[in-house]
Amino acid sequence: MRRINFGLFSIVSVILIFATFYSFSEVCDVDELKLAGNNYLHFLSEFFNVMRFPTHVLLPALTKLPFYFAFGLAINCFLYSFVFERIVYLIFHKRNDDEENAQQDTPVEL
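Sequence order sets the numbering: in each chain, residues are counted from 1 along the sequence as written. A pLDDT threshold of at least 70 governs which residues receive local features in this predicted model, and a stricter bar of 80 or more applies before side-chain atom pairs are shown or counted, although totals over entire chains, interfaces and linings include all residues. In computing side-chain values, all of the structure's heavy atoms are included and hydrogens and water are not.

1. Looking at the packing of aromatic side chains
Spelled out, the test is: To pair, rings of Phe, Tyr and Trp, with the six-membered ring standing in for Trp, must have centres within 6.5 Å; the planes then decide the type, stacked if under 30 degrees apart, edge-to-face if over 60, and tilted in the middle. Each helix is a run of H or I in the DSSP string that is no shorter than four residues. Each strand is a run of E no shorter than two, and both are numbered from the N terminus. Think of it in three bands: residues with accessible area under 20% of the maximum for their type are buried, residues over 50% are exposed, and the middle band is partly exposed, with areas taken using a 1.4 Å probe on protein chains only.
One pass over the structure, following the stated rule, counts six aromatic pairs. Residues phenylalanine 24 and phenylalanine 48 carry aromatic rings whose centres are separated by 5.3 Å and whose planes lie at 50° to one another, so their mutual orientation is tilted. Pair noted here: phenylalanine 24 is in helix H1 (residues 6-31) and phenylalanine 48 is in helix H2 (residues 39-51), with a separation of 24 residues, a long-range link. With 6.2 Å between their ring centres and 15° between their planes, phenylalanine 67 and phenylalanine 71 make a pair best called stacked. Of the two residues, phenylalanine 67 and phenylalanine 71 are both situated in helix H4 (residues 66-92); the distance of four residues between them amounts to about one turn of the helix. In this structure phenylalanine 67 comes out as exposed when scored by relative accessible area, which is 62%.

Right under this line is the structure:
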């Protein structure tokens, strides 16, 4: 695998951080029964359950203090951004790398 595309990684990280923050606020609204029949906002509140996964599920000690809670969510966003960037790399650039390696591995005829 080649180097990480930090531009894509940064963009996806920022998008996921904002989506996680917004979905967390929607979870609070669902808990206070302020959402009435809006499916989009209910979807966002359920999206928070996905964004909580690995750190808050595997390390429940991160949920005790607000700083650790937010830090765990940021780690999750960065982890999902890295996975997304690697998937994009595999889809669009893996074929080019395979062709380059095949050209380098072929013996040169004299």
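2. Considering the pattern of salt bridges
Side-chain pairing between opposite charges can occur once the charged atoms of the two side chains come close. Basically, it comes down to this: Should a side-chain nitrogen of Lys or Arg be within 4 Å of a carboxyl oxygen of Asp or Glu, the pair is scored as a salt bridge.
One pass over the full model with this rule turns up one salt bridge. Between glutamate 85 and arginine 86 there is a salt bridge whose closest N-O contact spans 2.8 Å. In terms of burial, glutamate 85 and arginine 86 fall into one category: buried.

3. Focus: the packing of H1 against H4
How we decide: In this description, a line fitted to the C-alpha atoms serves as the axis of each element, helices being fitted only across the stretch in contact, and the angle between N-to-C directions of two axes falls anywhere from 0 to 180 degrees. Roughly parallel means an angle under 35 degrees; roughly antiparallel means over 145; roughly perpendicular covers 65 to 115; every other angle is labelled oblique. We call a crossing left-handed when the near helix sits turned anticlockwise from the far one by less than a right angle, and right-handed when that turn is clockwise. Whether two residues are in contact is decided by their heavy atoms: any pair within 4.5 Å suffices.
Their axes nearest at 8 Å, the elements H1 and H4 cross at an angle of 135°. Judged on the interaxial angle alone, H4 and H1 are oblique. Crossing hand, H1 versus H4: right-handed. Contact residues: H1 offers Leu8, Phe9, Val12, Ser13, Leu16, Ile17, Thr20 and Phe24, while H4 offers Phe69, Leu73, Cys77, Phe78, Tyr80, Ser81, Phe82, Phe84, Glu85 and Val88.

4. Observations regarding the side chain of serine 23
Positionally, serine 23 belongs in helix H1. In this structure serine 23 comes out as buried when scored by relative accessible area, which is 0%.

5. So, the environment of leucine 8
By secondary structure assignment, the location of leucine 8 is in helix H1. Among the residues examined, leucine 8 registers a relative accessible area of 23% and is labelled partly exposed. Placed 77 residues apart in sequence, leucine 8 and glutamate 85 show a C-alpha to C-alpha distance of 6.5 Å.

6. Some words on a nonpolar patch on the surface
Selection criterion: Like-charged residues are merged into a patch within 9 Å and nonpolar side chains (Val, Leu, Ile, Met, Phe, Trp, Tyr) within 5 Å, provided each residue has over 30% relative accessible area and no salt bridge. Only the protein chains shown count as covering a residue, and every accessible area follows the Shrake-Rupley method with a 1.4 Å probe.
On the surface, Leu79, Phe82, Val83, Ile87, Ile91 and Phe92 cluster together into a nonpolar patch covering about 550 Å² of accessible area. Among the secondary structure elements, isoleucine 91 is positioned in helix H4.

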